[in-house]
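# Fold and geometry: a report
As a plain string of letters, each chain reads:
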Amino acid sequence: MLIINIGCLVGADRERRSHLRGPAMKEIDTIADAWLRTDGELIADFGPMSRVPAPRENEEVVDAAGGWLFPSFCDSHTHIVYAGSREMEFIAKINGLSYEEIARQGGGILNSADLLHATSEEELYAQAMERVNEITAMGTGCVEIKSGYGLTTADELKMLRVIARIAGSTPMRVRATFLGAHAVGRAYKGRQSDYVTLVCDEMIPAVAAEGLADFVDVFCDEGFFTVEDTDRILTAAARYGLRPKIHANELAVSGGVQVGVAHGALSVDHLERIGREEIDLLSRNSTVATMLPGASFFLGMPYGPARQAIAEGAVVALASDYNPGSSPSGNMRMVMSLGCIKMKLTTAEALNATTLNGAYAMDCGRDYGSIAPGKVANFYITRQLPSLDFYPYAYATPVIRKVYLRGSEINT
């Protein structure tokens, strides 16, 4: 396929970089009045229209008519396999209850676990695919999906089988994360150590036996799992080749960043409550600092210190945290805009954080996240835009006209 008359090609990357860190995140290459060619599922080449190649025999030619071309968003933290919804908790928050108070009363994650247990695998898949189609239409082309609403071995496996089925049903790149340690299951109330043993000795071997997960996650935070619990789980998971991507420091300075980095975590996620010590540690390591401004927006929590982390040299990604309780949206353009509005990132920084660095936080940075020869042809075309800064500025204005995954247009 040859796409011509692109008003501006955003994210041009001849070096095929896997990620950017620190001040380099301010850089994003663009080509005005551009063309792009795909070869099957991959990007073949691109350049200015002044040097556009002649169409090949039987090559599809697409006229972008001045629309802008962006690399697909790479959303590295979601929980989009869940049953039903939790708008009753939304009202409880309006009436003054905090996220922690709802959890202590047996709501939150445990409510989703109850709903999921009562939902068939087929229905769970159908509900999740509606969300997959929704985020595809909004420009996401690479996504991580967690389990964590099962909290029993059977239900965690059910969730992961649904994620595997999604991966086989969509051209979007899907990465699966086992999150059995999302909360303590109801049957283990008051016996947290026994539940951790269940995760280590039964759940992880069962997940590994079916090859259902790429990563392992733990909710290492106040009121959930301790640093010691997390260390046990990550040590057990390492025996099966599951690399950590953990929840850390959403509710308190929990030690989650430190235990994650010590175990070579690909990313530590949330980070609403981190200080100088955590930022310094992340700036000296390859672990991605993944921040979730959608959760901060929805819950009224502090926003992660992305500005400071970038200034200190960390690899920063932004993700949606799409889930029924604390961030019921997978709109990565909104995430990008929140990065600019609330975290004071530049447009380039926010875009790199939601594309290339998001891909890197899923160990996909060599193949996704930028417009580079040899990378997978995941991108979308907008209508004509007055500037790059207009994109996060007019955050609710619909602009996407065409979505391409693996080099083929997707009917959205």
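Our structure is the block above this text.
Attention here is on the structure that accompanies the text. Just so it is clear, the model here is predicted, and its values are computed rather than measured.

### Brief notes about the pattern of salt bridges
- Enumeration according to the criterion identifies 17 salt bridges in this entry.
- Here aspartate 13 ties to arginine 17 by a salt bridge, and the two come within 3.1 Å at their closest N and O atoms. In this pair, the class of aspartate 13 matches that of arginine 17, namely buried.
- Linking glutamate 349 and arginine 307 is a salt bridge whose minimum nitrogen-to-oxygen distance equals 2.7 Å. Of this pair, glutamate 349 sits in helix α13 (residues 347-354) while arginine 307 sits in helix α11 (residues 306-311); the two residues are 42 residues apart in sequence, bridging distant segments of the chain.
- Connected through salt bridges with shared partners, the residues Lys26, Arg307 and Glu349 form a single ionic network.

### Some thoughts on the sheet that holds strand β10 (residues 243-248)
- Pairing within the open sheet is parallel, and its eight strands lie in the order β6-β7-β8-β9-β10-β11-β12-β13. The open sheet has two edge strands with one neighbour each: β6 (73-75) and β13 (316-318). When the angles between neighbouring strand axes are averaged without regard to direction, this sheet yields 25°.
- The pairing of strand β12 (residues 288-291) with β13 spans three bridges and is parallel. Each residue of the ladder has a partner; that of threonine 290, found in β13, is alanine 317.

### Quick word on helix α9 (residues 276-283)
- Listing the buried residues of α9 in full gives Glu278, Ile279, Leu281, Leu282 and Ser283.
- Looking at the buried positions of α9, the neighbouring elements they touch are α8 (256-262), β11 (267-270), β12 and α11.

### Details of the packing of helix α5 (residues 153-169) against helix α6 (residues 192-210)
- Following both chains from N to C, one finds α5 and α6 inclined at 30°, their axes separated by 10 Å at the closest point. Crossing of α5 against α6: the hand is right-handed. Contacts between α5 and α6 involve Thr153, Glu156, Leu157, Leu160 and Arg161 on the former and, on the latter, Leu198, Glu202, Met203, Ala206, Val207 and Glu210.
- For the contact of α5 with α6, the per-class residue count stands at six nonpolar, one polar and four charged.

### Some thoughts on the side chain of asparagine 249
- Along the chain, asparagine 249 turns up in the loop between β10 and α8.
- At 3.1 Å, the side chain of asparagine 249 and the side chain of serine 254 are in polar contact.
- One polar contact links the side chain of asparagine 249 to the main-chain amide nitrogen of valine 257, over a distance of 3.5 Å.
- Residues in contact with asparagine 249, not counting those within four places in the same chain, are Cys220, Asp221, Ser254, Gly255, Gly256, Val257, Leu271, Glu272, Arg273, Ile274 and Glu278.

### What about the pairing of strand β3 (residues 42-48)?
- Sheet topology places strand β2 (residues 30-39) next to β3; six bridges connect them, and they run antiparallel. Bridged to aspartate 39 within β3 is leucine 42.

### Observations regarding helix α12 (residues 332-341)
- Taken across its ten residues, α12 has eight buried, putting it largely inside the fold.
- For α12, every residue scored as buried is listed here: Met332, Arg333, Val335, Met336, Ser337, Leu338, Gly339 and Cys340.
- On its buried face, α12 is in contact with β6, β7 (140-146), α10 (293-299), β13, α13 and α15 (390-393).
- Its side-chain oxygen 3.1 Å from the backbone nitrogen of arginine 333, asparagine 331 forms the N-cap of α12.

Procedures and definitions
Residues numbered from 1 in each chain as written. Predicted model: local features only at pLDDT ≥ 70, side-chain atom pairs only at ≥ 80, totals over all residues. Heavy atoms only, no water. Salt bridge = Lys/Arg side-chain N within 4 Å of Asp/Glu carboxyl O. Buried < 20%, exposed > 50% of the residue type's maximum accessible area, 1.4 Å probe, protein only. Helix = DSSP H or I, 4+ residues; strand = E, 2+ residues; numbered from the N terminus. Pairing = 2+ DSSP bridges. Axes fitted to C-alpha atoms, helices over the stretch in contact; angles between N-to-C directions. Contact = heavy atoms within 4.5 Å. Left-handed = near helix turned anticlockwise from the far one by under 90°. Nonpolar A, V, L, I, M, F, W, Y, C, P; charged D, E, K, R; others polar. Polar contact = N/O pair within 3.5 Å; in protein donor to acceptor, adjacent residues only side chain to side chain.

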